[in-house]
Amino acid sequence: MSKIDGVKPQAGLSPWRVAGLCAAVVVGLVLTGCGGGGGGAASPAPTPPVTPLIVAPTIGSQPADAKVIDGATTTFSVAASGSSLTYQWQRDGKPIAGATGASYTTPVLRMADNGAKFQVVVSGPNASVTSNAVTLTVTPIALTLTAQPQAQTAKDGEVVSFDVTATGSEPIQYQWQRDGVPIAGADKATFTTPALALGDSNAAFKVVVTNPAGTVTSQDARLTVTAVAPRIIDAPQSVTTSDGSAVTFKVTAAGSAPLAYQWLRNGTPISGATDASYSITLGYASSGDRYAVRVSNSSGQVVS
């Protein structure tokens, strides 16, 4: 049997055993060559980097309309899912400073906030979604008159003020009336009359108060005006004149109208002398006579 390269036949071995041995040697040589000649295990392949999964934002539960009473607060909320979410609430399309959470609580609400629209923009790394716009309804507080106008008494020529105190939602509007007729310009919680005359006595004043919830009318407040007694401001003055000369005596008086005048000569009324002045032609025989005037009205009289 011819030898195989690298294998020498040994004595005493059958040709078949020699052939099998040679085949094993050949296989071993081949396997040794496949291992790279070093006989060690192969290095593992590197693990590729894992790319994070980015989920676009979606809204699962929308904000809801809100209805509150004047002076209360309310909270709007949204439920959203997605990667790295941020929130920005808006009112009437404009961002609300600091409103960056999944819910937003308003400040104290007033009637001016009624009808406002709220929504939220939910944003992720590469996308955003805007919620439905919801409506805020603010209901007004009905009026209550906690202090009614009261009856007033004044003297002729004085002024008085009528007052009312009303609580409820703003704006509150006022309209005062005299004997059921609106008074021009009397649109505040307090009404001050012009200077009063006796003819104003027994007039009735009230106020109609209105706010967004409705209208309330106050009770009547009755006015009583009393007369002012007459008083002498400038009294008649003594005169010295010659026989046959004409003189005029004058008086200036104040008090509630109408004022009545009656001139007196030595304490006796002079017929027809009923004006604020009295003229007469004097003779020597009248020297020493005393002239005065009595002024009267419904409240009394005074003599100069």
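Attention in this report is confined to the structure presented alongside it. (Residues numbered from 1 in each chain as written. Predicted model: local features only at pLDDT ≥ 70, side-chain atom pairs only at ≥ 80, totals over all residues. Heavy atoms only, no water.)

What about the overall build of the protein chain?
Part 1: In terms of regular secondary structure, the protein chain is built from one helix and 28 strands.
Part 2: When each of the 304 residues of the protein chain is scored for burial, the buried share is 29%.
Part 3: Counting contacts in the protein chain only where the partners sit at least 6 residues apart, residues at least 24 apart contribute 61% of the total.
Part 4: Working note: accessible area of the protein chain is about 18,400 Å², and carbon and sulfur atoms make up 53% of it. (Helix = DSSP H or I, 4+ residues; strand = E, 2+ residues; numbered from the N terminus. Buried < 20%, exposed > 50% of the residue type's maximum accessible area, 1.4 Å probe, protein only. Contact = heavy atoms within 4.5 Å. Areas by Shrake-Rupley, 256 points an atom, 1.4 Å probe, with all protein chains shown as cover.)

Focus: the sheet that holds strand S24 (residues 260-265)
Part 1: Ordered in space as S25-S24-S27-S28, the four strands form an open sheet in which the pairing is antiparallel. Each of the sheet's edge strands pairs with one partner strand only, and the pair in question is strand S25 (268-269) and strand S28 (300-303).
Part 2: Sheet topology places S24 next to S25; two bridges connect them, and they run antiparallel. Within the sheet, the bridge partner assigned to Arg 265 lies in S25 and is Thr 268. (Pairing = 2+ DSSP bridges.)

Some details on the pattern of salt bridges
Between side chains of opposite charge, a pair can form as their charged atoms come close.
Part 1: Here the structure, examined in full by the defined rule, presents seven salt bridges.
Part 2: Across the pair Arg 110 and Asp 70 runs a salt bridge, and its minimum N-O distance is 3.5 Å. Taken together, the residues Arg 110 in the loop between strand S7 (103-105) and strand S8 (117-123) and Asp 70 in the loop between strand S2 (66-69) and strand S3 (75-77) connect sequence positions 40 residues apart.
Part 3: For Asp 187, the salt bridge goes to Lys 188, with nearest N and O atoms at 3.0 Å.
Part 4: Residue Asp 187 is classed as partly exposed on the basis of its relative accessible area of 38%.
Part 5: Since its relative accessible area comes to 51%, Lys 188 is described here as exposed.
Part 6: Linked by salt bridges that have partners in common, Arg 91, Asp 92 and Asp 113 make up one network. (Salt bridge = Lys/Arg side-chain N within 4 Å of Asp/Glu carboxyl O.)

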